[in-house]
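# Fold and geometry: a report
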Amino acid sequence: MDNEANNLISIRDLKVHFPLAGSSWFGSSPSIVKAVDGVSLDIRAGETLGLVGESGCGKSTLGRAILRLIEPTSGQVLFRDHDLASLSNRAMREQRRHLQIIFQDPYASLNPRMTVGQIVSEPIETFRLARGDAKRRRVQELLEMVGLSARFLKRYPHEFSGGQRQRIGIARALAVDPDFIVADEPISALDVSIQAQIMNLLDRLRREKNLTYLFISHDLRAVHHVSARVAVLYLGKIVELAEAKSIYAQPLMPYTKALISAVPVPDPKVEAKRRRVVLEGDVPSPINPPRGCRFHTRCPYAIGDCSDVEPALVQIKPNHFAACIRISPDQPDIERVAPGDAPGLRARSVASIA
Amino acid sequence: MNTNGNLLEVKDLRTYFETEDGVVKAVDGVSFEVRQGETLGIVGESGSGKSVANLSLMRLIAEPPGKIVSGSITFRGRDILKLSPREVRAIRGKQIAMIFQDPMTSLNPFMRISKQLMEVTRLHLGHSKGEAREHAIRMLEVVGIPDAEARIDSYPHEFSGGMRQRVIIAMALSCQPELLIADEPTTALDVTIQAQILELIKRLKGETGASVILVTHDLGVVAGMTDHIIVMYAGKVFERAPTSELFGQPGNPYTRGLLRSVPDPAAEQGNLYQIPGQPPDLARLPGACPFAPRCERAEEICRREFPPFVQLTSEHSSLCHFADEVFAESQEAA
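For the rest of this paragraph, the subject is the overall build of chain B. When helices and strands are tallied, chain B shows eleven helices and twelve strands. In terms of overall dimensions, chain B has C-alpha extents of about 65 × 50 × 45 Å along its principal axes. Here chain B, with 334 residues, has 50% of them falling under the buried criterion. When contacts within chain B are restricted to residue pairs at least 6 apart in sequence, those whose partners lie at least 24 apart make up 64%.

Written as structure tokens, this is what we have:
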């Protein structure tokens, strides 16, 4: 997809399919949920890649499949010289040191019976990184790094607020000195004033420790703020990928346009003037996703071809990819494309994609 | 009905809870009014008291551990706090209706949608079974549920989150209430569904002329929906203003901090403004300004004395020792 050599993670045609339990009992073919269905994506070293989409679009599944917390059905996840998707469990365990995750719910992701000191030292012990005094010093250093006082060491999670718990979760992820962190909705459960604190903390740590993030969120304002590039996921497929600035200022694919226009702006003057693209209906079920373009059932620009042809993720503008047959590099603005025309179908053979 | 056009007047409301840690003053001297046909936004973070204030309006505070200690809630000239439980029940759901955050837990999972909707109008409007069913179908159509007649006998789990919230709205509006309280109605929903539900509330409000109290933590949501806003922190009203004025010229450091900590897509990336520290422990509130430990503007007096509620313009007040100064700074910045 891009030829730069500084990719830390390269995902190739990754699929995660879940068979639905009990569905094959009466001889009918089993239903399959295609949570992630052919995702290719490069994550560059040192960047924050934002991953957005509505609930059920597969963004958390994708994040977990990269780390093998969910087994991928097929495809590759290239990290350094390994394909994580095909490593043995034993070999994968060694790689986990470099790959960590921060969870959404700071209340559910910390063991309530362990002290903060035990929670943060557990990964250090697992990977035998330090013992005794060195371990104690390391845990203190980690707590200070995330803005918590070392006098909290003996306290339990319930004694902390949501924002502080999220800091503990971040300290635990950093304990093994990872290269890559999946941040799965890390601010969604937090108050507005605390969200800013955690976003700033994550960004500072990224710069200081040269970390790479996959930042998963449904909050486009937050994703836009922290990410260098943003990928938009819809029903298990990436439908748009671009730099954060351009995807917000000039979204190309109709779904991204609708998603961005749905975000309320904290300014009454802007809100009074703006015209919203309000999408009809809900996200369709991923069990039997719509044929062709998966978004065609809700798309205000859909034409007949959209329900037949599955659009590929194509470079429409420099470093700006979109999956929509109704636009092409020559005609990137869907508003100006002639009614019923699908320039993307003609341009298909020209554009090269991963 | 009041002579000054207020449908609802809340004066010096105090709702306290007895806990193991001591008395939690969840709502502590809150006053506001809702005019006929207007939308009032109540903004605050968790623990600010915004939900408890609204539960108090409906007399839905569990007692014990909670207790409405003092104040008055005047709705159409009658003090709700002085009514008998029976009189409150007659108002609740009929003249004042409420929508909650979680559309799954506010519907009974074992009861068909039809039965839950019909219950309301049979109780409050004395509908017969047939009338109630017809009315329920019409309400589902009003809130945009396709194929309402066929789907009315579904169970809640057969509906998506957005559809369930539509059912709740249909239920809340089925007796044409004069006041609709929507407590974080879109927080559990996706952003595209949130836009649908907000548009729906706006449209129905226009059609029915109902007044709305919209409770939320999202400043974006109140910006486009409300006429007036109150900002709550630690059980107190910190600022009260017409919506355009609150956003254009905030007079309280907390409001200003909240506004600045929302990422602005038009601005450059980089460090986001952050309010330092944690929300206060409501069982251990200081006698001084509860926001002082987190406030960039705080001086010695803020840590010593409780601030005054300073009137800045005819409709704009702020709880702050330096309200005038903050207000003037906001004007310069704008």
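Next, the rest of the story.
Before going further, it helps to spend a moment on the overall build of chain A. Secondary structure summary: chain A contains eleven helices and twelve strands in total. Over its C-alpha trace chain A gives a radius of gyration of 22 Å, about what one expects of a compact globule, namely 20 Å for 354 residues. Counting only residues that meet the buried cut, chain A has 46% of its 354 residues in that class. A fraction of 62% describes how many contacts in chain A between residues 6 or more apart in sequence connect residues 24 or more apart.

Further remarks concern the sheet that holds strand β9 (residues 228-233) of chain B. All names here are of chain B. Here we have eight strands laid out as an open sheet, ordered β6-β7-β8-β3-β9-β10-β12-β11, and mixed in their pairing. Across the chains shown, the open sheet's two edge strands, defined by having one partner strand only, are β6 (96-99) and β11 (309-313). Between one strand and the next, the sheet's axes are offset by a mean angle of 20°, whatever the strand orientation. Sheet topology note: the strand β3 (residues 39-43)/β9 ladder contains four bridges and is parallel. Its bridge partner lying in β9, Val-43 is registered against Val-231. Most of the contacts of helix α6 (residues 161-173) go to β6, to which it runs at about 175°, and overall it touches β6 and β7 (179-183).

With that settled, the discussion passes to the pairing of strand β8 (residues 211-216) of chain B. Residues and elements named next belong to chain B. Burial analysis of β8 places six of its six residues in the buried class, which makes it a mostly covered element. Side chains Ser-211, Ile-213 and Val-215 project from β8 onto one buried face, and the interleaved Val-212, Leu-214 and Thr-216 project onto a second face that is buried too. Direction of pairing for β3 relative to β8: parallel, over a ladder of five bridges. Bridge pairing in β8 links Leu-40 to Ile-213. When β7 meets β8, the two strands line up parallel, connected through five bridges. Within the sheet, the bridge partner assigned to Leu-179 lies in β8 and is Ser-211.

Residue and element names in this part refer to chain A. Pairing is mixed across the open sheet formed by eight strands, whose spatial order is β6-β7-β8-β3-β9-β10-β12-β11. Every interior strand has two partners, whereas the edge strands, β6 (99-102) and β11 (314-317), have only one. Shown here is a sheet whose adjacent strand axes are inclined to one another by a mean of 25°, direction ignored.

It is worth spelling out the environment of Phe-152 of chain A at this point. Residue and element names in this part refer to chain A. Positionally, Phe-152 belongs in the loop between α4 (132-145) and α5 (162-174). Looking at Phe-152, the number of C-beta atoms within 10 Å reads 17, which means it is partly exposed. Sequence separation between Phe-152 and Thr-212 is 60 residues, and the spatial gap between their C-alpha atoms is 28 Å.

All names here are of chain B. A rise of 1.5 Å per residue sets the reference length of helix α4 (residues 129-142), with its 14 residues, at 20 Å; its end C-alpha atoms lie 20 Å apart and thus fit the reference within 8%. Burial in α4 covers these residues: Ala-132, Arg-133, His-135, Ala-136, Met-139 and Leu-140. An end-on view of α4 places all buried positions within 165° of arc, on one side of the element. Residues of α4 that are buried make contact with α3 (113-124), α5 (148-151) and α6. Looking at the residues trailing α4, positive phi occurs at Gly-144, about 85°.

All names here are of chain A. Contact geometry for helix α3 (residues 116-126) and α4: axes closest at 10 Å, N-to-C directions at 115°. As for the relative orientation of α3 and α4, their crossing is right-handed in sense. Listed contacts from α4 to Gly-117, Val-120, Ser-121 and Ile-124 of α3 are Lys-135, Arg-138, Val-139, Leu-142 and Leu-143. Among the residues forming the contact of α3 with α4, the class breakdown is five nonpolar, two polar and two charged.

This part is about the confidence of the model for chain A. Per-residue pLDDT for chain A averages 90, and the proportion of residues at 70 or more is 94%. Contacts of residues 349-354 of chain A to residues separated by more than four positions or lying in other chains number eight contacts, the stretch itself having pLDDT below 50.

The subject of this paragraph is the interface of chain A and chain B. On the side of chain B, 37 residues touch chain A, which itself brings 33 residues to the contact. Mapped by element, the contributors of at least two residues to the side of chain A that touches chain B are α5, α6 (192-209), α7 (220-226), α9 (254-261) and α10 (268-273) of chain A. When residues in the side of chain A that touches chain B are grouped by element, the largest group, six residues, is from α6 of chain A. Of the residues in the side of chain A that touches chain B, the class split is 16 nonpolar, ten polar and seven charged.

With 200 residues, the main nonpolar core has Val-232 and Ala-322 of chain A as its most contacted residues. With eight residues, the top contributor of residues to this core is α6 of chain B. Not counting the four nearest positions on each side in its chain, Val-232 of chain A is found in contact with Val-52, Gly-53, Ile-238, Val-239, Glu-240, Tyr-255, Thr-256 and Leu-259 of chain A.

The next point concerns the packing of α3 of chain B against α4 of chain B. All names here are of chain B. Relative to each other, α3 and α4 sit at 115°, their axes nearing to 9 Å. One element, α3, and the other, α4, form an angle in the roughly perpendicular class. Crossing geometry of α3 relative to α4 is assigned as right-handed. Residue-level inspection shows Ser-114, Leu-117, Met-118, Thr-121 and Arg-122 of α3 in contact with α4, the latter providing Ala-132, Arg-133, His-135, Ala-136 and Met-139.

All names here are of chain B. In terms of strand pairing, strand β1 (residues 6-19) meets strand β2 (residues 22-35) through eleven bridges, oriented antiparallel. Each residue of the ladder has a partner; that of Asn-6, found in β2, is Arg-35. Across eight bridges, the pairing between β1 and strand β4 (residues 66-75) is antiparallel. Paired with Glu-9 across the bridge in β4 is Thr-74.

Residue and element names in this part refer to chain A. Relative to the elements of secondary structure, Leu-41 occurs in strand β2 (residues 32-44). Counting along the chain gives 28 residues from Leu-41 to Asp-13, while the straight-line C-alpha distance between them is 8.5 Å. Excluding anything up to four places from it in sequence, Leu-41 contacts Ile-11, Ala-231 and Ile-238.

Backbone geometry follows two general trends: most residues other than glycine have a negative phi, and most peptide bonds adopt the trans configuration. The peptide bond linking Glu-63 of chain B to Pro-64 of chain B adopts the cis configuration, its omega dihedral lying at -15°. Here Pro-64 of chain B is to be found in the loop between α1 (50-57) and β4. The residue after Pro-64 of chain B, namely Pro-65 of chain B, is reached through a cis peptide bond having omega 10°. As for its placement among the helices and strands, Pro-65 of chain B is situated in the loop between α1 and β4. Its identity as a non-glycine residue notwithstanding, Arg-68 of chain A has a phi of 60°, on the positive side. Relative to the helices and strands, Arg-68 of chain A resides in the loop between α1 (59-66) and β4 (74-79). By C-beta crowding, Arg-68 of chain A is classed as partly exposed, having 18 other C-beta atoms within 10 Å. Positive phi values are uncommon outside glycine, yet Asn-210 of chain A reaches one of about 50°.

Reading guide: rules and limits
Residues numbered from 1 in each chain as written. Chains lettered and ligands numbered in written order. Predicted model: local features only at pLDDT ≥ 70, side-chain atom pairs only at ≥ 80, totals over all residues. Helix = DSSP H or I, 4+ residues; strand = E, 2+ residues; numbered from the N terminus. Buried ≥ 20, exposed ≤ 12 C-beta atoms within 10 Å, placed from the backbone. Contact = placed C-beta atoms within 7 Å. Rg over C-alpha atoms; globule rule 2.2 N^0.38 Å. Pairing = 2+ DSSP bridges. Axes fitted to C-alpha atoms, helices over the stretch in contact; angles between N-to-C directions. Expected span 1.5 Å × (residues − 1). Arc of directions from axis to C-beta. Left-handed = near helix turned anticlockwise from the far one by under 90°. Nonpolar A, V, L, I, M, F, W, Y, C, P; charged D, E, K, R; others polar. pLDDT = per-residue confidence, 0-100. Core = buried A, V, L, I, M, F, W, Y, C linked by C-beta atoms within 7 Å. Parallel < 35°, antiparallel > 145°, perpendicular 65-115°, else oblique.

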